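# Notes for the structure review
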Amino acid sequence: MFRFDVLTLFPAIFDGFLSESILKSAIALEKLHVQLHDMRGWANDKHSRMDDRPFGGGPGMVLKVDCVVPCVDAVRAMDANSGKLIMLSPQGRKFDQKLAEQFASEERLILLCGRYEGFDERVVELLEPEEVSIGDYVLNGGEVAAMVLMESVMRLLPEVLGDGDSNRFDSFSSGNRLLDCVQYTRPREFRGLIVPEILLNGNHAEITRWRMENILQRTKSRRPDLLDGVDQ
Ligand code: ADE
């Protein structure tokens, strides 16, 4: 069973995320194990402080190496497979579908969520995590980024999605670097807008051709960068 361990100062952020929809059923059906760890449990002073002021001055607080490293060591030791350690950080490698696929081929991911001004650099030197950013913007901490990573990885795990095929044709899935086509469902007409006739006529060859054309058009106009180097 695939296992995520999440190390965070704010485990409650994950409550709703883990208790709804696909993740909830994957966990209930024991296709996925998610273990949250409150890093504050590894604080080593009487005030449960995990952070301290930066040497050299400056704003914000830095997560303490002597708390974080023992915490990661302890979590790693909770399973025979010591797992792949990922640190969510705006300084990390940009996350994309290809990286999600790589992570899905692991069996255990340990996600280290930062807060404040980040971690003491010795955490990185000692633990050598793979640093991952979900994009060029700054969040309050790594928790939301960890949820993005978890959701995109778990969709790729065999059996987690109800319909075995439903991720195979996703935009960006392996070898597929195009956007999805438009979709419609009932009613056929709403406020004067009518579903394209071709989708209603049951001619599957024509529908497939129309959808391919739609995919190319949409990709060309919205994400032309995805078509670089592709024959059109
Ligand atoms: N922590 C703060 N901002 C982040 C980002 N963009 N990606 C990953 N972790 C973060």
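Throughout, a residue's number is its position along its own chain's written sequence, starting from 1. The predicted origin of the model limits local features to residues at a pLDDT of at least 70 and limits the giving and counting of side-chain atom pairs to 80 or more, whereas totals for whole chains, interfaces and linings rest on all residues. Side-chain numbers come from the whole structure's heavy atoms, not from hydrogens or water.

### Structural notes on the site of the ligand
So the rule is basically this: Whether a residue is near a molecule or strand depends on its heavy atoms: it is near if one of them lies within 4 Å of it. Any pair of N or O atoms that falls within 3.5 Å is considered a polar contact. Within protein, one atom must be able to donate a hydrogen and the other to accept it, and sequence-neighbouring residues count only if both atoms are side-chain atoms. Here the Shrake-Rupley method, with its probe set to 1.4 Å, supplies the accessible areas, and only the displayed protein chains count as covering residues. In this text, helices come from DSSP runs of H or I with a minimum length of four residues, and strands from runs of E with a minimum of two, each type numbered from the N-terminal end. Ten residues, namely Ala, Val, Leu, Ile, Met, Phe, Trp, Tyr, Cys and Pro, are considered nonpolar, four, namely Asp, Glu, Lys and Arg, are considered charged, and the remaining ones, Gly among them, are considered polar.
Surveying the vicinity of the ligand reveals 13 residues, the closest of which are Ser-89, Ile-134, Gly-135, Tyr-137 and Leu-139. Residue Ile-134 places a main-chain N or O atom 3.0 Å away from a nitrogen atom belonging to the ligand. At 3.1 Å, a backbone N or O of Leu-139 approaches a nitrogen atom of the ligand. When the ligand sits alone it has 260 Å² of accessible area, and the protein chains cover 97% of it. Secondary-structure elements contributing two or more residues to the shell around the ligand are strand E5 (84–94) and strand E7 (130–133). The element best represented in the shell around the ligand is E5, accounting for three residues. Among the residues forming the shell around the ligand, the class breakdown is eight nonpolar, five polar and no charged.

### Description of the pattern of salt bridges
To keep it simple, the criterion reads: Salt bridge, as used here, is a side-chain nitrogen of Lys or Arg placed within 4 Å of a carboxyl oxygen of Asp or Glu. Exposure classes here rest on a 1.4 Å probe applied to the protein chains alone. A residue is buried below 20% of its type maximum, exposed above 50%, and partly exposed in between.
Within this structure, the stated rule accounts for 11 salt bridges. Among the ionic pairs, Asp-51 bridges to Arg-49, the shortest N-O distance being 3.0 Å. The exposure class assigned to Asp-51 is buried, which follows from its relative accessible area of 8%. The class of Arg-49 is partly exposed, set by a relative accessible area of 36%.

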